[in-house]
Amino acid sequence: MISENLNTVREKIQSACKKAGRDPGQVTLVAVSKTKPVSALREAYEAGARDFGENKVQELMDKMPQLPGDIRWHMIGHLQRNKVKYIVGKVALIHSVDSLRLAEEISRESVRQGVCTDILIEVNMAGEESKFGVTPEEAPKLVEEAAALPGIHIKGLMTIAPYTDISEKNRLYFERMRELSVDIIGKNIDNVSMNVLSMGMTGDYAVAVEEGATCVRVGTGIFGERDYAAQTPQPAKLGARKGMVSE
Ligand SMILES: *Cc1c(COP(=O)(O)O)cnc(C)c1O
């Protein structure tokens with residue numbers, strides 16, 4: 001099942017690329033495995049998945065040693081500063097940097113370990129109350145300030161678009177995020193590249209790819225619905241969509 005789902009998602013990415021005249025090799029599919037058992041991740045790995053996304057530090061740390069070492073782990077959930085030390089040096093990319101204080105903590109820990117950590121700046125493109133991320137207006141300033149820190153490298157931007165059954169409704173946000181990345185490139189800030197646009201989830205990844213996503217984060221479309229009832233309740237930001245928040 002997981003391997004069929006993966007193939008379907010890959011095919012949809014390919015056709016979205018074709019439609020937009022893009023090279024499918026420019027799009028990384030991150031398999032979002034939060035709440036799913038290691039056996040499910042292993043199945044996806046067997047089917048060729050090498051990029052996995054998790055939104056909680058604890059879960060990430062539990063799963064990592066149980067799976068092959070060539071997996072690129074993506075931290076996609078809200079990250080608390082006191083947990084940064086656990087993931088620096090272990091994850092390939094932190095998608096969810098939304099404050100200078102968090103960037104500073106990642107910088108400090110990276111320098112301490114003698115590594116360079118790749119990060120994305122999370123932008124709340126639709127201005128939703130329930131979501132983390134800086135506003136599009138604040139993003140260039142955060143990029144500029146974070147870029148000056150040692151031990152981190154800003155690779156691009158990440159957004160979580162509103163939940164909708166009509167993916168076309170999110171096209172505007174994806175388009176605006178690409179424009180924002182172009183604006184930021186235009187500022188010629190040292191130590192900043194905008195090669196990564198992490199946008200698009202199960203409901204809207206095809207539209208995101210058409211609008212320039214280089215990284216799509218797909219969970220349900222690969223692993224099926226998540227069962228949160230089976231999990232310990234986590235403190236969530238009020239009104240947030242299930243699973244979108246918490247570290
Ligand atoms: C859970 C999650 C996803 C995947 O969501 P699906 O709708 O299941 O594809 C993507 N990005 C983030 C940040 C998430 O928390």
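J.: Let's hear about the nonpolar core: which residues, and what values?
T.: Counting residues in each nonpolar core, the largest one holds 67 residues, and the members touching the most others are Phe52, Ile106 and Ile121. The leading source of residues in this core is helix α1 (residues 2–20), at 6 residues. Apart from the residues within four sequence positions on either side, Ile121 is in contact with His95, Val97, Val134, Leu142, Val143, Ile154, Gly156, Leu157 and Met158. Of all hydrophobic cores here, the second largest spans 8 residues; its members include Met158, Ile160, Val196 and Met201.

J.: Let's hear about the pairing of strand β1 (residues 28–32): which residues, and what values?
T.: The buried fraction of β1 amounts to 4 of the 5 residues, a majority that puts the element mostly inside the structure. Looking at chain direction, β1 and strand β8 (residues 215–218) are connected through 4 bridges and run parallel. The partner of Ala31 across the bridge, within β8, is Val218. Here 2 bridges tie β1 to strand β2 (residues 51–54), and the two strands are oriented parallel to one another. Residue Ala31 lies in a different strand from β2, and its bridge partner there is Phe52. Regarding topology, helix α2 (residues 38–46) serves as the crossover connection from β1 to the parallel β2, and that connection is right-handed.

J.: Let's hear about the pattern of salt bridges: which residues, and what values?
T.: One pass over the structure, following the stated rule, counts 13 salt bridges. With a closest N to O distance of 3.3 Å, Lys19 and Glu210 form a salt bridge. Within this pair, whereas Lys19 is found in helix α1, its partner Glu210 is found in helix α8 (residues 205–210), the two being separated by 191 residues in sequence. Across the salt bridge formed by Lys131 and Glu128, the nearest N and O atoms sit 2.6 Å from each other. Under the relative-accessibility criterion, Glu128 is labelled partly exposed at 22%. Three or more residues are tied together by salt bridges with common partners; here these are Lys19, Glu168, Arg171, Arg178, Glu210 and Glu211.

J.: Which residues make up the environment of Lys19, and what values go with them?
T.: Taking the relative accessible area as the measure of exposure, Lys19 reaches 64% and is therefore exposed. Here the alpha-carbon distance between Lys19 and Glu138, two residues 119 residues apart in the chain, equals 32 Å. Looking at Lys19, its side chain comes within polar contact range of the side chain of Glu210, at 3.3 Å.

J.: Let's hear about the side chain of Ser107: which residues, and what values?
T.: When you line up the elements, Ser107 lands in helix α5 (residues 100–113). Overall, Ser107 belongs to the buried group, its relative accessible area being 5%. Looking at Ser107, its side chain comes within polar contact range of the main-chain oxygen of Pro150, at 2.6 Å. Ignoring any residue separated from it by four or fewer positions in sequence, one finds Ser107 in contact with Leu149, Pro150 and Ile152.

Procedures and definitions
Throughout, residues of each chain are indexed from 1 in the direction in which the sequence is written. Restriction of local features to residues with pLDDT of at least 70 applies here, the model being predicted, together with a cutoff of 80 or more for giving and counting side-chain atom pairs; totals for whole chains, interfaces and linings are based on all residues. No hydrogens and no water enter the side-chain calculation; it runs on all heavy atoms of the structure. Definition used in this section: a nonpolar core is a set of buried Ala, Val, Leu, Ile, Met, Phe, Trp, Tyr and Cys residues joined via side-chain atoms within 4.5 Å. Think of it in three bands: residues with accessible area under 20% of the maximum for their type are buried, residues over 50% are exposed, and the middle band is partly exposed, with areas taken using a 1.4 Å probe on protein chains only. Only DSSP runs of H or I covering at least 4 residues are called helices, and only runs of E covering at least 2 are called strands; the numbering of each starts at the N terminus. The contact criterion used is simple: two residues touch if any of their non-hydrogen atoms lie within 4.5 Å. Think of it this way: DSSP has to see at least two bridges between two strands before they count as a pair. Throughout, right-handed denotes a crossover for which the path from the first strand over the helix to the second runs clockwise when the strands point away from the viewer. One speaks of a salt bridge when a side-chain nitrogen belonging to Lys or Arg is within 4 Å of a carboxyl oxygen belonging to Asp or Glu. For the purposes of these results, a polar contact is taken to be a pair of N or O atoms within 3.5 Å, where, inside protein, one atom must be able to donate a hydrogen and its partner to accept one; residues adjacent in sequence count only when each atom of the pair is a side-chain atom.

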